[in-house]
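# Architecture and fold: a report
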Amino acid sequence: MTALEKSKIAVAALEDKKAGNIEVLDVSQQTSLGDYFIIASCQSTVQVRACADEVEDQLDKHGIVVRHKEGYSTGSWILMDYGDIVVHVMQQEVREFYGIERLWDDAGTAKRADDIED
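Everything numeric in this text was worked out from a predicted model, so none of it was measured.

## Observations concerning the packing of aromatic side chains
- A full pass over the atoms with the stated rule returns two aromatic pairs.
- Plain terms: the ring middles of tryptophan 77 and tyrosine 98 are 5.3 Å apart, the flat faces sit at 55° to each other, and that makes the pair tilted. Of this pair, tryptophan 77 sits in strand S4 (residues 77-81) while tyrosine 98 sits in helix H3 (residues 92-98), and the two are 21 residues apart along the sequence.
- On the accessibility criterion, tyrosine 98 (47% relative accessible area) is partly exposed.
- On the numbers, 4.9 Å between centres and 85° between planes, the contact of phenylalanine 97 with tyrosine 98 is edge-to-face.
- Put simply, the rings of Trp77, Phe97 and Tyr98 pair up and form one aromatic cluster.
- Over the ring of tyrosine 72 we find arginine 49; its NZ or CZ atom is 5.8 Å from the centre of that ring.

Dropping the structure here:
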């Protein structure tokens, strides 16, 4: 399965749990950390965890296992590393404070994975 296909599954899972302001950044030309960074905002720790759980469940159904996950215990920012995609699920205030999108200004940004070309 391609990184784009994985990204679309992750985005659909986030949308299902009502995450907001979902962005998919193509960082393949800027870093070897992955091809896509997915960033989503949530309103509470409960929603952050629910979104992360749904992403993990949906990708697991396709045989894709998270390599590394951190931040679950605090629930304000959960990072999920799948190798070629990295999913950031954050409380809105945390996202605004850290502004990780600004770190990747040169990356091609799309609001939805459907907008990204193979």
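## Concerning the confidence of the model for the protein
- When pLDDT is averaged along the protein, the result is 89; 88% of the residues meet or exceed 70.
- Mean pLDDT across the elements of the protein ranges from a minimum in strand S6 (residues 108-110), with 57, to a maximum in helix H2 (residues 45-60), with 98.

Rules and cut-offs
Residues numbered from 1 in each chain as written. Predicted model: local features only at pLDDT ≥ 70, side-chain atom pairs only at ≥ 80, totals over all residues. Heavy atoms only, no water. Phe/Tyr/Trp six-rings, centres within 6.5 Å; stacked < 30°, edge-to-face > 60°. Helix = DSSP H or I, 4+ residues; strand = E, 2+ residues; numbered from the N terminus. Buried < 20%, exposed > 50% of the residue type's maximum accessible area, 1.4 Å probe, protein only. Lys NZ or Arg CZ within 6 Å of the ring centre and 35° of its normal. pLDDT = per-residue confidence, 0-100.

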